[in-house]
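Okay, here's what each chain looks like letter by letter:
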Amino acid sequence: MIYLVLQTTIIMMITGGVLALLLVIAEKYLADYGECKIDINGKREETVKGGSSLLNSLNSKNIFLASACGGRGSCGFCKCKVIKGGGPLLPTEKPFLTSEEIADNIRLSCQVKIKNDIEIELPEEIFNIRKFKAKVTSIKEYTYDIKELTLDLTDSTIDFKSGQYIQLHSPRYGKVKQSVSRAYSISSNETNKNVVQVIIRLVPRDLHNLGT
Ligand code: FES
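Residues numbered from 1 in each chain as written. Predicted model: local features only at pLDDT ≥ 70, side-chain atom pairs only at ≥ 80, totals over all residues.

### Examining the overall build of the protein chain
Scanning the protein chain from terminus to terminus reveals 4 helices and 10 strands. Starting at the N terminus, the α and β elements of the protein chain follow one another as α-β-β-α-β-α-β-β-β-β-β-β-β-α. In the protein chain, the proportion of contacts linking residues at least 24 apart, taken out of those at least 6 apart, comes to 53%. (Helix = DSSP H or I, 4+ residues; strand = E, 2+ residues; numbered from the N terminus. Contact = placed C-beta atoms within 7 Å.)

### Some points on the sheet that holds strand β1 (residues 35-40)
The strand order across the open sheet formed by 5 strands is β2-β1-β5-β3-β4, and the pairing between neighbours is mixed. Both outer strands of the open sheet, β2 (44-49) and β4 (106-108), are each paired with one neighbouring strand and no more. Each strand axis lies, on average, 40 degrees off the axis of its neighbour in the sheet, ignoring direction. Pairing of β1 with strand β5 (residues 118-121), which is carried by 3 bridges, proceeds in the parallel orientation. The residue of β5 that forms the bridge with Asp39 is Glu119. (Pairing = 2+ DSSP bridges. Axes fitted to C-alpha atoms, helices over the stretch in contact; angles between N-to-C directions.)

### Quick look at the nonpolar core
Note on soluble globular proteins: their nonpolar side chains tend to be buried together. Membership of the largest hydrophobic core comes to 15 residues, with the highest contact counts inside it found for Leu54, Leu55, Cys78, Cys80 and Ile120. Mapped by element, the contributors of at least two residues to this core are β1, α2 (54-60), β3 (79-84) and β5. Here Leu55 is in contact with Leu65, Ser67, Gly71, Cys78, Ser109 and Cys110, once residues within four sequence places are set aside. (Core = buried A, V, L, I, M, F, W, Y, C linked by C-beta atoms within 7 Å. Buried ≥ 20, exposed ≤ 12 C-beta atoms within 10 Å, placed from the backbone.)

### Some points on unusual backbone geometry
In this structure, Asn41 is a non-glycine residue whose phi angle is positive, near 55 degrees. As for its position among the elements, Asn41 is in the loop between β1 and β2. The backbone phi angle of Asn62 is positive, close to 60 degrees, even though this residue is not glycine. Along the chain, Asn62 turns up in the loop between α2 and β3. Asn62 gets classed as exposed once you count the C-beta atoms within 10 Å, which come to 11.

### As for the pairing of strand β6 (residues 134-141)
Among the 8 residues that make up β6, 0 are buried, leaving the element largely open to the surroundings. The sheet contact formed by β6 and strand β7 (residues 146-153) spans 7 bridges and is antiparallel. The residue of β7 that forms the bridge with Ile139 is Leu149. The hairpin turn running from β6 into β7, its antiparallel successor, is 4 residues long.

### Concerning the sheet that holds strand β10 (residues 195-201)
Taken together, the 3 strands give an open sheet; going across it, the order is β6-β7-β10, and neighbouring strands pair in antiparallel fashion. The open sheet has two edge strands, β6 and β10, and neither has a second partner. Shown here is a sheet whose adjacent strand axes are inclined to one another by a mean of 25 degrees, direction ignored. Inspection of the sheet shows β7 paired to β10 by 7 bridges, in the antiparallel sense. In the strand pairing of β10, Thr150 is matched with Gln197.

### Describing the confidence of the model for the protein chain
Confidence along the protein chain averages 86 in pLDDT terms, with 82% of residues attaining 70 or more. Every residue in residues 206-212 is under pLDDT 50, and counting partners more than four places away or in other chains gives 7 contacts. (pLDDT = per-residue confidence, 0-100.)

### What to know about the environment of Lys37
Assignment of secondary structure puts Lys37 in strand β1. Note on Lys37: 16 C-beta atoms within 10 Å, which makes it partly exposed. Sequence separation between Lys37 and Val48 is 11 residues, and the spatial gap between their C-alpha atoms is 6.3 Å. With sequence-adjacent residues up to four places away left out, Lys37 is seen in contact with Glu45, Thr47 and Asp117.

Written as structure tokens, this is what we have:
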């Protein structure tokens, strides 16, 4: 009898898992949300292709929110107020939000998928964030898991103050199968406006998934 109950439970779990997987695949490859509008602060409207995260959709319009985990939902940096159209709060967002933030409609923009028109609020200073092109000119190994990266800016100079951070975006290239974005504090001297240095520590994959 116990054996029969156990067997039925296992079959139900497997069926549930398969159905959930099919739903995820269908959502990813079959869903077409068409063009959606992002209303920002009631002043600016951007049209994007639905189906991407709010974080990536804003990035595609050169509006950059902080992200240390590249949109994996493990850093909690990409917060943004979603007034309308963001869908229900996901379990992946809750650990990073206080009850006050939840009441104030703050969401993790990397977890909000654009499926329809959406209204959001962003601090004005976000619009001052700019994109720079840079070339890696030196990689110094400090320890087995820490390196110093020197980046020469190729299209502009940069004004920064100690303590500020930059977000590095590495495109798909060669063996790098997907583009990656990460935030790092600047370690170089602010008097040199042509160069940015950052010190990078390799985070093991399992630790990264835990958000460390
Ligand atoms: S980008 Fe890290 S949690 Fe959203």
